[in-house]
Amino acid sequence: MNPFIKLVTDQVSGDLQRLRTTRGRRTGTPRALKKAHNVSDLRRIAKRKLPKTIFDFVEGGANDELAMRRNRDALDRIGIVGRVLTDVSKVDMSTTVLGQRIEVPIIGAPTGVVGLVHHSGEPALARAYDSIGTIYTLATSASYSIEDVAESTTGTKWFQLYVWRDREFVVEILDRAAKAGYGALVVTVDGSRTGKRERDLRNGFSRPLRVSMKTLFSGVRHPGWSTGFVQHGRFLPVNFKATGGPASHAESFQASFDPGLTWKEIEWIRKIWSGPLVVKGILHPDDAKLAVQAGADAVVVSNHGGRQSDDAPATIDLLPAVVAAVGDQAEVLFDSGVRRGSDIAKALALGARACLVGRPTLYGLAAAGEDGARHALELLRAELEIALALSGCRNVAEARQLELRSS
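Residues numbered from 1 in each chain as written. Predicted model: local features only at pLDDT ≥ 70, side-chain atom pairs only at ≥ 80, totals over all residues. Heavy atoms only, no water.

**As for the UniProt feature "binding site: glyoxylate" (unreviewed entry) in the protein chain**
Step number 1: According to UniProt, the "binding site: glyoxylate" (unreviewed entry) feature falls on Tyr162, Arg197, His304 and Arg307.
Step number 2: For Arg197, the location among the structural elements is in the loop between strand S7 (185–188) and helix H9 (198–203).
Step number 3: Accessibility expressed as a relative area gives 16% for Arg197, which makes it buried.
Step number 4: Those residues in contact with Arg197 that sit more than four places away from it in its chain are Gly61, His304, Arg307 and Gln308.
Step number 5: Within the secondary structure, His304 sits in the loop between strand S9 (298–301) and helix H15 (315–326).
Step number 6: Leaving out residues up to four positions away in the same chain, His304 has contacts with Tyr162, Thr188, Asp190, Arg197 and Ser336.
Step number 7: Within the structure, the side chain of His304 is placed 2.9 Å from the side chain of Asp190, a separation counted as a polar contact. (UniProt positions renumbered as here; feature names shortened; annotations may be inferred. Helix = DSSP H or I, 4+ residues; strand = E, 2+ residues; numbered from the N terminus. Buried < 20%, exposed > 50% of the residue type's maximum accessible area, 1.4 Å probe, protein only. Contact = heavy atoms within 4.5 Å. Polar contact = N/O pair within 3.5 Å; in protein donor to acceptor, adjacent residues only side chain to side chain.)

What follows is the structure in structure tokens.
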């Protein structure tokens, strides 16, 4: 072995061993969470704890990341015209989504290969969402199996599907999700091509994660993450069957996406899936109507968090037109850009039934595992309650009558 590489690997090994022997005495994580007063604070902790390659995978968007910035700028631009002297001593934040009561209008967005962020992965996220009385959505590309996540919590869970060329495998995986008790199916329809994520290209990021000199140096600087990676190795989409080693597994996964997907496939899925059907990735009101015609019970107004088309408008600007297009024929959900509880209040005011969140809980998971993910959700819940109370709303339904102003 090259002496320099041996020096680096010995250093990584030593750091990991010291971490293992002192784990019980570590008190940094609780202190870190106490100092995390909002999602941005959790993001800063995550950036410190994760190797740059992994943080950029979570954080990055397509091309110049304009769509990501539009999502945030548009939400920041909207103000809420509050009403005063209403009794807000109690604020009921519960609502129903597809007939399911949830305690807060927040739903877990599907996020892939969460085991790269923290070895506890998707089961930890599912438990965090269950702890606040709401729904978690498991991604097709999860790092834990459909069955493992189902067994991790008794809370309500949805399953997200990418439609593969192999229709027999689609039927098989939907059967697994139904048998495991997933209550609704979320079909993502904005993935005909993978967006050009330039942070990943610059970092040489790949799935599976290749162990290079850059990875070794990151291990020295981020021993906590490295311990989980070495001991648990949750870095592949395990619900997808492929032959060969990790590299061929990842290549097979990407090659199996069907770029020829049309509304006919949504109609086909509607016939074989007996539960509620959600179509995610809707931007145009006409597509929302087509989704309803194809059998969707709900649509998600989403630009994939800015990770697909960098030319996509901000989703909050498109939400009212989609709500108007579907009327009472389907429920409308919202995602992309949510970082504050007040963002959720704004989406509710514009007609969304609930909001899906993704990156905030990933930041929390990176910061402190399941506790961190739960902390992110509790921050959003507390901020939403304050936003509703200061706006004169006693419940989620009253949020739909809020008056908004754009600056």
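Let's pick the thread back up.
**Describing the packing of helix H8 (residues 167–179) against helix H13 (residues 263–272)**
Step number 1: Contact pair H8 / H13: the axes reach a minimum separation of 11 Å and the direction vectors enclose 40 degrees. The pairing of H8 with H13 is recorded here as oblique in orientation. The handedness of the crossing between H8 and H13 is right-handed. Residue-level contacts link Arg167, Val170, Val171 and Leu174 of H8 to Glu265, Trp268, Ile269 and Ile272 of H13.
Step number 2: In terms of residue class, the contact of H8 with H13 is built from six nonpolar, no polar and two charged. (Axes fitted to C-alpha atoms, helices over the stretch in contact; angles between N-to-C directions. Parallel < 35°, antiparallel > 145°, perpendicular 65-115°, else oblique. Left-handed = near helix turned anticlockwise from the far one by under 90°. Nonpolar A, V, L, I, M, F, W, Y, C, P; charged D, E, K, R; others polar.)

**So, the sheet that holds strand S6 (residues 157–161)**
Step number 1: Read across the open sheet, the eight strands follow the order S4-S11-S10-S9-S8-S7-S6-S5; overall the sheet is parallel. For this open sheet the edge positions go to strand S4 (106–108) and strand S5 (136–138), each flanked by a neighbour on one side alone. The mean inter-strand angle of the sheet, taken between neighbouring strand axes irrespective of direction, is 30 degrees.
Step number 2: Where S7 meets strand S8 (residues 277–282), four bridges bridge the pair, whose relative direction is parallel. From the neighbouring strand, Thr188 faces S8, where its bridge partner is Lys280.
Step number 3: Sheet contacts for helix H6 (residues 121–131): S4, S5 and strand S11 (354–357); angle to S5, the most-contacted strand, approximately 160 degrees. (Pairing = 2+ DSSP bridges.)

**Structural notes on the environment of Phe159**
Step number 1: Within the secondary structure layout, Phe159 lies in strand S6.
Step number 2: Each C-alpha atom, one on Phe159 and one on Gly181, is 9.6 Å from the other, the two residues being 22 residues apart in sequence.

**Examining H8**
Step number 1: The end-to-end C-alpha separation of H8 is 18 Å, in line with the 18 Å expected for 13 residues at 1.5 Å each.
Step number 2: Where the residues of H8 are buried, they touch helix H7 (146–152), S6, S7 and H13.
Step number 3: The opening residue of H8, the one whose side-chain oxygen lies 3.1 Å from the backbone nitrogen of Glu168, is Asp166.
Step number 4: Looking at the residues trailing H8, positive phi occurs at Gly181, about 95 degrees. (Expected span 1.5 Å × (residues − 1).)

**Notes on helix H5 (residues 66–77)**
Working note: α-helix, 3.6 residues per turn, so residues spaced by three or four point in the same direction.
Step number 1: In this model H5 runs 16 Å from its N-terminal to its C-terminal C-alpha over 12 residues, within 8% of the 16 Å that 1.5 Å per residue would give.
Step number 2: Here the buried face of H5 lies against helix H4 (52–59), strand S1 (78–81), H15, helix H16 (341–349) and helix H17 (359–390).

**Digging into the pattern of salt bridges**
Step number 1: In the structure shown here, the tally under the stated rule is 23 salt bridges.
Step number 2: The salt bridge partner of Glu331 is Arg353, with a shortest N-O separation of 3.4 Å. Remark: Arg353 occurs in the loop between H16 and S11 and Glu331 occurs in strand S10 (residues 331–334); sequence separation between them is 22 residues.
Step number 3: In this structure Glu331 comes out as buried when scored by relative accessible area, which is 15%.
Step number 4: Salt bridges sharing common partners tie together Lys52, Asp56, Glu65 and Arg199. (Salt bridge = Lys/Arg side-chain N within 4 Å of Asp/Glu carboxyl O.)

**Points about the environment of Arg48**
Step number 1: With respect to the helices, strands and loops of the structure, Arg48 is situated in helix H3 (residues 39–49).
Step number 2: On the accessibility criterion, Arg48 (53% relative accessible area) is exposed.
Step number 3: The spatial distance from the C-alpha of Arg48 to the C-alpha of His222 is 8.2 Å, given a sequence separation of 174 residues.

**Description of the pairing of S6**
Step number 1: In terms of burial, S6 is a largely internal element, five of the five residues being buried.
Step number 2: Side chains Lys157, Phe159 and Leu161 of S6 all project onto a buried face; the interleaved residues Trp158 and Gln160 project onto the opposite face, where all are buried too.
Step number 3: As paired elements, S5 and S6 share three bridges and run parallel to each other. The residue of S6 that forms the bridge with Leu138 is Phe159.
Step number 4: Between the parallel elements S5 and S6, the chain passes through H7 in a crossover that is right-handed.
Step number 5: When S6 meets S7, the two strands line up parallel, connected through three bridges. Bridge pairing links Leu161 to Val187 in S7.
Step number 6: For the crossover from S6 across H8 to S7, the handedness is right-handed. (Right-handed = clockwise from strand over helix to strand, strands pointing away.)

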